[in-house]
Amino acid sequence: MNPAMSFLDSIFVNLKLWTLNLIGHFLPGWAVILASIVISGVVILCLGPVIMMYLTLLERKVVGRMQNRYGPNRVGPWGLLQPIADGIKMFTKEDIVPTNADKVIHLLAPIVIVVPALMVFLVVPFGRDMTAADLSIGVLYFIAVSSVTTLPIFMGSWASRNKYSMIGGMRTAAQMISYEVPMTLAVVPVIMMSQSLSTASIVNAQEGLRWFVFTPWGLAGFVIFFICTVAECNRPPFDLPEAESELVAGFHTEYSGMKFALFYMAEYMNAFTLSAIAVTLFLGGWQGPFLPSWVWFFTKTFALIFAMIWFRATFPRFRVDQLMGIAWKLLLPLTLVNMLVAGLWYFIPGITGWVGAAVILAVSFLGLTALNKPVIPEKRVYLLEN
Amino acid sequence: MDILNFGIKVGIYALMAGTLVLAVGVVTLRNLFHSALCLAATLIGTAALYLVFHAEFLAAVQILLYVGAVVTVIIFAIMLTEHIAERSVAQRNRQSLPALLGILVLIAVTGRILLKTPWAVNPATVGARVTVADLGAALMGTYVFPFELVSVILIAALIGAVIVAKKEKSS
Amino acid sequence: MIIPLPHVLLFSLALFGIGAYGVLTRRNIIGILISIELMLNAAGINLIAFSKTTALAPETGQIFAVFVIAIAAMTATVGLAIVLALYRARKTVFADEVNLLKW
């Protein structure tokens, strides 16, 4: 790596070290530790909302192009100031609380939902030495914290006292709990191979071009993880909790103004962090030739986000029973097979293990799809009363 | 470093006090949904306390399993049975006073015993850092029998729950 | 150990007491289950505190705390399944109204 590249590569790390050195001249040791925490925290707190703002723009632009229109292009050059206009609009809207709502919880839900969404940024390795907190239980921390997201959604749906909100909340609970299981199990092979839960060491284990996605178990794990990711952040085709054609807006039907914006923010930040963790676990994180590490990281993450947006423009929504069927009858057994296959791949080196693993995965996938016959629900006739 | 240490100490005691207040909320709030939310907050507080004892793995498992799964299932059940619980009926039985007295006696006696016992602190354990790898090795080595037992019970619970909650075929 | 062991034990004792009070006084079965979770949690804190201070092997307490969490998850699932079955059959979730077999 030439000097210019390595300068660019560590520009943010050096910037922080330089600032801390500057502070160290005036303040005692404990203040420097605090300052280090504060700097990382502030960067993350700013990064989250900014990413969310431009993800909304990206989504509207990309979906617009896919639907043969331009997308927002009036505010600023190429519509780049559109998110700010949206933000001002959200701030100035009237805040409506339903009469029968549980006021305190109705207020708490959108605040609480942002907390885990911001907290998971802690373990995301944005680049070489650019993890805010390299926890020894990084991946587990990520899974644990993001599993809390179900609760505020429940709070919002229950406190609204609205049947659409309620149904949305119920669907969320069922969906998120179901998809958490294959998601967690899909991570297990990665932990087995890198022998660590820390996100930074998982990236280090994929040094060079030995990304986990290039192995049979890694590919299967990545696909399963990515499907679960899409389901976890309630994006189409898994957007049953907020299916607008059935439930108005699902659990955030009764939210307006800034509270609605907070739900929206959490959703987009979750989409970003989940993609970032998928990149970290399977696509080599910030590893990559030529370019600075953080450029690689953001390129891969935005590629995954682009795929999510592409899903939204392409696939119709699932039915509830199909949704549950995919999680429990297809993805869960496949992740279990995948764990065994990963062990096999590890202990049989060379081409034999590679081909064997691929064959076992392919056979089990075909077998499972053959076993899962499409269910045609019985025809129901709804009689109007009187 | 003294200021930092003192700050951490105060933080821990504040955490414990807050957790206890939330726990009181769990058992006294009339609205079950609120008390389930208090339970979630109490569990998060305990998870934070686990971090104080350097049990990071357990803290994560606590949040993942309790807050992510158990509380969600409890709230699910509350929502399904809600309109009965919402009626303006008594939420507690007539044993409140005897229960309170009995528990105060229990706490007083046990607390006194706790404070009087000379705890044999093992310095080797205090310094040890238990990694996830250590836990895994112990789980697969020394404690493999209880581990297998728990997995059998888990399967039994899974099947049992499905059978109990399954809708019977209406004739 | 940053804080003395008896303080932690007192804390978990208080948590256990609060949980026990809830179990004894709540009428709603789900409320009782919630209180039981509190009591199990208190046991978990004790296990962790002992594993950090007095245990011979530092990982023992943590492993048994994992078992406690697993058992708690089971109680929740099976208990709530029973509650739902009860609700479907007898349209009640109050423990003192389920007295069909009471002598």
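Residues numbered from 1 in each chain as written. Chains lettered and ligands numbered in written order. Predicted model: local features only at pLDDT ≥ 70, side-chain atom pairs only at ≥ 80, totals over all residues. Heavy atoms only, no water.

## Looking at the overall build of chain C
Assigned secondary structure in chain C consists of three helices and zero strands. Tracing chain C from N to C terminus, the helices and strands come up as α-α-α. Taken against the 2.2 N^0.38 rule, which gives 13 Å for 103 residues, the C-alpha radius of gyration of chain C at 17 Å runs more than 25% over that of a compact globule. Projected onto its principal axes, the C-alpha coordinates of chain C cover approximately 50 × 25 × 25 Å. Per-residue burial for chain C yields a buried fraction of 62% across its 103 residues. (Helix = DSSP H or I, 4+ residues; strand = E, 2+ residues; numbered from the N terminus. Rg over C-alpha atoms; globule rule 2.2 N^0.38 Å. Buried < 20%, exposed > 50% of the residue type's maximum accessible area, 1.4 Å probe, protein only.)

## Section: the overall build of chain A
Helices and strands together make up the secondary structure of chain A, namely 15 helices and zero strands. The dimensions of chain A, computed from C-alpha atoms along their principal axes, are 80 × 60 × 45 Å. Residue burial in chain A is summarised as follows: out of 386 residues, 50% are buried. If you take every contact in chain A between residues at least 6 apart in sequence, the share linking residues at least 24 apart comes to 76%. Of the roughly 18800 Å² that chain A leaves accessible, carbon and sulfur atoms contribute 72%. Taking the average place of the 24 positive charges on the side chains of chain A and the average place of its 20 negative ones, the gap between the two points comes to 6 Å. (Contact = heavy atoms within 4.5 Å. Areas by Shrake-Rupley, 256 points an atom, 1.4 Å probe, with all protein chains shown as cover. Lys, Arg positive; Asp, Glu negative; His and termini not counted. Charge placed at Lys NZ, Arg CZ, Asp CG, Glu CD.)

## Some details on the confidence of the model for chain A
Chain-level statistics for chain A give a pLDDT mean of 83 and a share of 99% at 70 or above. When the elements of chain A are averaged for pLDDT, helix 1 (residues 3-9) of chain A gives the smallest value, 72, and helix 10 (residues 216-232) of chain A the largest, 88. (pLDDT = per-residue confidence, 0-100.)

## Re the interface of chain A and chain B
Listed per partner, the contact involves 24 residues of chain A and 26 residues of chain B. Approximately 2300 Å² of surface area, both sides summed, lies buried where chain A meets chain B, with 83% of it carried by carbon and sulfur atoms. Interface area lost by chain A to chain B is led by Trp30, Leu151 and Trp158 of chain A, which between them contribute 26%. Between the two partners, chain A and chain B, sit zero salt bridges. Mapped onto the side of chain A that touches chain B, the elements with two or more residues apiece are helix 3 (29-66), helix 6 (138-147), helix 7 (150-159) and helix 8 (163-194) of chain A. (Buried area = accessible area lost by both parts, 1.4 Å probe. Salt bridge = Lys/Arg side-chain N within 4 Å of Asp/Glu carboxyl O.)

## Let's talk about the nonpolar core
Residues Tyr179, Phe225 and Leu281 of chain A, Ile74 of chain B together with Ile30 and Ile34 of chain C are the most contacted members of the largest nonpolar core, which totals 163 residues. Looking at this core element by element, the count peaks at 15 residues for helix 3 (residues 56-80) of chain B. If sequence neighbours within four positions are ignored, isoleucine 30 of chain C has contacts with Leu32, Ile74, Ala77, Ile78 and Thr81 of chain B together with Leu80 and Val83 of chain C. Grouped together as the second largest cluster of nonpolar side chains are 11 residues, Leu139 and Val150 of chain B together with Phe67 and Met74 of chain C included. (Core = buried A, V, L, I, M, F, W, Y, C linked by side-chain atoms within 4.5 Å.)

## Let's talk about the interface of chain C and chain B
Contacts between the two partners involve 71 residues from chain C and, on the opposite side, 82 residues from chain B. Roughly 7200 Å² is buried in total at the junction of chain C and chain B, and carbon and sulfur atoms are behind 78% of that figure. One can count six residue pairs in polar contact (both at pLDDT 80 or more) joining chain C with chain B. Of all the secondary-structure elements, those providing two or more residues to the side of chain C that touches chain B are helix 1 (5-25), helix 2 (29-53) and helix 3 (60-90) of chain C. Top contributing element to the side of chain C that touches chain B by residue count: helix 3 of chain C, with 22 residues. In the side of chain C that touches chain B, the residues fall into 48 nonpolar, 16 polar and seven charged. (Polar contact = N/O pair within 3.5 Å; in protein donor to acceptor, adjacent residues only side chain to side chain. Nonpolar A, V, L, I, M, F, W, Y, C, P; charged D, E, K, R; others polar.)

## Here we look at the pattern of salt bridges
Residues and elements named next belong to chain A. Here the structure, examined in full by the defined rule, presents five salt bridges over all chains. Between arginine 312 and glutamate 59 there is a salt bridge; the shortest N-O distance is 2.7 Å. With arginine 312 in helix 13 (residues 293-314) and glutamate 59 in helix 3, this residue pair connects regions lying 253 residues apart in the sequence. The class of arginine 312 is partly exposed, set by a relative accessible area of 40%. Judged by its relative accessible area of 3%, glutamate 59 falls in the buried class. Here lysine 259 ties to aspartate 95 by a salt bridge, and the two come within 3.5 Å at their closest N and O atoms. Of this pair, lysine 259 sits in helix 12 (residues 257-282) while aspartate 95 sits in the loop between helix 4 (82-92) and helix 5 (103-119), and the two are 164 residues apart along the sequence. You can call lysine 259 buried: its relative accessible area is 9%. Its relative accessible area of 42% is what places aspartate 95 among the partly exposed residues. One connected set of salt bridges, linked through shared partners, spans Glu59, Arg235 and Arg312.

## Some words on the packing of aromatic side chains
All names here are of chain A. On inspection of all chains with the given rule, the structure shows 27 aromatic pairs over all chains. Aromatic pair phenylalanine 121 and phenylalanine 272: ring centres 5.8 Å apart, planes at 15°, arrangement stacked. Of the two residues, phenylalanine 121 sits in the loop between helix 5 and helix 6 while phenylalanine 272 sits in helix 12, which places them 151 residues apart along the sequence. Note on accessibility: phenylalanine 121 and phenylalanine 272 belong to one class, buried. The rings of Phe121, Phe126, Phe272, Phe297, Phe298 and Phe302 are connected pair by pair, giving a single aromatic cluster. Sitting over the ring of tryptophan 158, arginine 161 keeps its end group 5.0 Å from the ring centre. In this arrangement the basic side chain of lysine 300 is found over the ring face of tryptophan 211, its NZ or CZ atom lying 3.9 Å from the centre. (Phe/Tyr/Trp six-rings, centres within 6.5 Å; stacked < 30°, edge-to-face > 60°. Lys NZ or Arg CZ within 6 Å of the ring centre and 35° of its normal.)

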